[in-house]
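# Structural characterization, general
Residues per chain, in single letters:
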Amino acid sequence: MNKKSHKKKQKKRGRGDGKNKENIIEDVHDDKDEGSPEPVVEKKNVCYEIRQSEVMGRYLVASRDIRAGEVIVEEPAIAVGPCTGCALICLGCYRELDETSLAKCRGCKWPMCSSSCPGSGKYTGHSTYECDTLKDIPPDYSNLEDLKDSYQALMPLRCLLLKTADPAKWTALSAMEAHNEMRKARGDIWPINEKNVVQRMKKWGLQYEDQEIHTVCGILEVNAFEVGGSGANARALYDRAYLLAHDCTPTTTHTDSERVPGRPLTIRASVPHKAGDLISLCYAYTLQGTLKRREHIKHSKFFDCSCARCRDPTELGTYASAFRCPRCSGRVLPTAPLDPAAMWHCVDNDCQYVMTAPSVQLLLKRLTDEYEQIDANDVRGFEGFLHKYRNVIHSTHYLCLSAKHSLSQLYGKVAEYMIHEMPEAELNRKIEICRDLMKAFDIIEPGYSRLRGVTLYELHAPLMILTTRDFEKKAITKDNLRTRLKEIVKYLTESALILGFEPSQSSEGLMATAARDALKKIKTWEQIIGKIS
Ligand SMILES: C[S@@+](CC[C@H](N)C(=O)[O-])C[C@H]1O[C@@H](n2cnc3c(N)ncnc32)[C@H](O)[C@@H]1O
């Protein structure tokens, strides 16, 4: 699952300050250095079994009850390489390079960050066998755009090199679905791969069959996970994780560890599973509406999603795609959500208002274009958007949720809105936003999801400030104080638990540490008010 599917990014801003990570494989900087290629980890206490269906192909179900938070799959990568459309990056560590940071591999002269790049000589980075191959394909530094374009062929090349360099990994990779027939029939992706990958490899003098190259491209499109942080310049294939079926309300979360040998991926249950339950992840962005998610899945994964969320016009009661009726202010929903050409209609107040599918598409496009113009740090911009369209889209429409998600992280962290300087009204606004988000996240990403963990953390902060201020002003009794601290402890405890699953140096891992520290501080209040929980 490449990041375009598995981890749609929210508007770009600095690391750890508001990017949506619901499906994002985390960028991790653990201290361990990467060693030699890792064997596929022996699977202990396997809690899943592989099943097969006409519709989904192979998929995983729980072979026994699984607790929320339990690791389902943990395994090293089969192959890691640059994403399509990535910037000019180091072939070893995938960091973006510019002219000042650009060094060259001593062997093949392809771009590296330095001669001591930790990814040098590693199969998850710039391997010796890749270097030997690229020695005969000198990079053209006079045309950096073309050099960057040539990266599109590097990940397919890394996969093909495994045939001889590591046949076991090649066998594992070859078992993956490429959807060649569908990709060929659709007529868009195939010619792009033909030009950018197949013809380039021919130009490079590599002796692979066209069909074989196309198949590897398909395997990558259908099965690769994007890995790395907010930059996400790399994608990786995993031997088991690819088997997870898609659902728009996923039952797992996943994370990768950049500096651990083999760049392992960990898939964890976000909710409890009963034996026989489908184990799923979301190939799309959960904070999108049905039309967008299904369009994306069809485009990049070649199937029509018909999960419970997609089938339900209310999206499981979240109303994440609902418009406001211009006649009666009721909710306008699709009459048949699995049919993008179906009419939309007002479902409230016996109103006969209808919208055609093209007018819905047009309206969504207009709204999305305007939403995307908002700067990632612009609190007033997001608030303005919410206000301007309050009579056009339902308050839980996914564009409102996205705006609120940004606001939940901006309030308290950006200039003019630093948490300790925020007036009561703004603190209450942050609380209101976080609570609105939690209602939706509890449904679309239930359990131990990063979205919930981060939002719970954001929710605790204004509550704590208001509580402290009220206590200092003697505006609340000790009993009130205890009740309010109990609520804050509940949010922090869950946040610390959820985010504690993330790598310690990731933004979420650091948030988990902050949540644990905050819990320790709250404990000191017990000297004043007695036991809190
Ligand atoms: C990453 S692969 C998953 C493994 C695949 N089922 C197999 O047997 O190799 C993704 C592909 O699985 C199928 N798939 C996954 N989830 C699905 C779902 N919810 N409905 C229909 N097909 C699904 C689609 O063919 C999709 O392109």
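Residues numbered from 1 in each chain as written. Predicted model: local features only at pLDDT ≥ 70, side-chain atom pairs only at ≥ 80, totals over all residues. Heavy atoms only, no water.

Where an unreviewed UniProt entry is consulted, the chain appears under the name SET domain-containing protein, with the organism given as Spodoptera littoralis.

### Some details on the packing of helix α16 (residues 478-499) against helix α17 (residues 507-523)
Our working rule: Each axis is a line fitted through C-alpha atoms, and for a helix only the stretch in contact is used; angles between axes span 0 to 180 degrees, taken between their N-to-C directions. Segments assigned H or I by DSSP are reported as helices when at least four residues long, segments assigned E as strands when at least two residues long, and all are numbered from the N terminus. Orientation is classified from the angle alone, with under 35 degrees giving roughly parallel, over 145 giving roughly antiparallel, 65 to 115 giving roughly perpendicular, and any other angle giving oblique. In a left-handed crossing the near helix is turned counterclockwise from the far helix by less than a right angle, and in a right-handed crossing that turn is clockwise. In what follows, residue pairs with any heavy atoms lying within 4.5 Å of each other are defined as contacts.
Interhelical geometry of α16 versus α17 gives an angle of 150 degrees and a closest axis separation of 8 Å. It follows from the interaxial angle that α16 and α17 lie roughly antiparallel. Between α16 and α17 the crossing geometry is left-handed. For the pair formed by α16 and α17, the contact residues are Leu485, Ile488, Val489, Leu492, Thr493, Ser495, Ala496 and Leu499 on the first element and Glu508, Gly509, Met511, Ala512, Ala515, Arg516, Ala518, Leu519 and Ile522 on the second.

### Observations concerning the sheet that holds strand β7 (residues 225-227)
The condition that has to hold: One requirement defines pairing of two strands: DSSP has to find at least two bridges between them.
Strand order in this open sheet of three strands is β4-β8-β7, and the pairing throughout is antiparallel. Sheet topology places β4 (77-82) and β7 at the edges, where each strand pairs with a single neighbour. Geometrically, the sheet is characterised by an average inter-axis angle of 35 degrees between neighbouring strands, direction not taken into account. With three bridges joining them, β7 and strand β8 (residues 234-238) adopt antiparallel strand pairing. By the bridge assignment for β8, Glu226 is matched with Arg235. Running at roughly 95 degrees to β8, helix α8 (residues 210-223) makes contact with β7 and β8 of the sheet.

### Quick notes on the packing of helix α12 (residues 379-388) against helix α13 (residues 398-410)
This is how it is decided: Here the nonpolar group is Ala, Val, Leu, Ile, Met, Phe, Trp, Tyr, Cys and Pro; Asp, Glu, Lys and Arg are the charged ones; every other residue, Gly included, is treated as polar.
Axis separation between α12 and α13 bottoms out at 10 Å; the angle between their running directions is 150 degrees. Here α13 runs roughly antiparallel to α12, going by the angle between their axes. Crossing hand, α12 versus α13: left-handed. Of α13, the residues touching α12 (which contributes Val379, Phe382, Glu383, Phe385 and Leu386) are Leu399, Cys400, Ala403, Lys404, Ser406, Leu407 and Leu410. Taken together, the residues of the contact of α12 with α13 sort by class into nine nonpolar, one polar and two charged.

### Remarks on the pairing of strand β1 (residues 48-53)
Looking at chain direction, β1 and strand β2 (residues 57-62) are connected through six bridges and run antiparallel. Within the sheet, the bridge partner assigned to Ser53 lies in β2 and is Gly57. Between β1 and the antiparallel strand that follows it, β2, lie three residues.

### Overview of the domain arrangement of the chain
Stated precisely, the cut-off is as follows: Note: domain ranges come from an automatic or database domain assignment. Buried area adds together the accessible area that both of two parts lose upon being put together, with accessible area traced by a 1.4 Å probe. We define a salt bridge as a side-chain nitrogen of Lys or Arg found within 4 Å of a carboxyl oxygen belonging to Asp or Glu.
For the chain, the domain assignment lists domain 1 (24-83 + 152-281) and domain 2 (308-529). Domain 1 and domain 2 are separated by 32 Å when their C-alpha centres are compared. Counting residues at the interface gives 20 residues for domain 1, matched by 18 residues for domain 2. Interface area for domain 1 against domain 2, summed over the two sides, is near 1400 Å², with a carbon-plus-sulfur share of 56%. For the pair domain 1 and domain 2, the interface holds zero salt bridges. Those elements that provide at least two residues to the side of domain 1 that touches domain 2 are β10 (252-256) and β11 (265-269). Here the element with the most residues in the side of domain 1 that touches domain 2 is β10; it accounts for four residues.

### Quick word on the packing of aromatic side chains
Which entries qualify depends on this criterion: Stacked, edge-to-face and tilted labels apply to pairs of Phe, Tyr and Trp rings (six-membered ring for Trp) whose centres lie within 6.5 Å, assigned for plane angles under 30 degrees, over 60, and everything in between, in that order. The rule is simple: take the accessible area with a 1.4 Å probe, protein chains only, and divide by the maximum for that residue type; under 20% is buried, over 50% is exposed, in between is partly exposed.
As enumerated under the stated definition, the model contains eleven aromatic pairs in all. Taking the centre distance of 5.9 Å and the plane angle of 85 degrees together, the rings of Trp110 and Trp204 count as edge-to-face. Of the two residues, Trp110 is situated in the loop between β5 (103-104) and β6 (111-112) and Trp204 in the loop between α7 (189-203) and α8; the sequence distance between them amounts to 94 residues. Trp204 matches Trp110 in its accessibility class, with the two residues each being buried.

### Some details on the sheet that holds strand β13 (residues 323-324)
With antiparallel pairing, four strands are arranged side by side in an open sheet as β13-β14-β15-β16. Each end of this open sheet is capped by a strand with a single partner; those strands are β13 and β16 (354-355). Relative to strand β14 (residues 331-334), β13 runs antiparallel, the two sharing two bridges. For Arg324, the partnering residue across the bridge sits in β14 and is Arg331.

### Here's the deal with the nonpolar core
Under the convention used in this document: Throughout this description, the term nonpolar core refers to a set of buried Ala, Val, Leu, Ile, Met, Phe, Trp, Tyr and Cys residues connected via side-chain atoms within 4.5 Å.
Residues Phe323, Val332, Ile393, Leu485, Leu492 and Ile522 are the most contacted members of the largest nonpolar core, which totals 73 residues. Among the secondary structure elements, those contributing two or more residues to this core are β15 (344-346), α11 (357-372), α12, α13, α14 (424-444), α15 (450-472), α16 and α17. The element best represented in this core is α15, accounting for ten residues. With residues up to four places along the chain from it excluded, the contact list for Phe323 reads Gly330, Arg331, Val332, Trp344, Val360, Leu363, Leu364, Leu367, Val392, Ile393, His394 and His397.

### Some words on the environment of Met418
Along the polypeptide, Met418 turns up in the loop between α13 and α14. Each C-alpha atom of the pair Met418 and Gly107 lies 50 Å from the other, and the pair is 311 residues apart in sequence. If we ignore the near neighbours within four places in the chain, the residues touching Met418 are Gly412 and Lys413.

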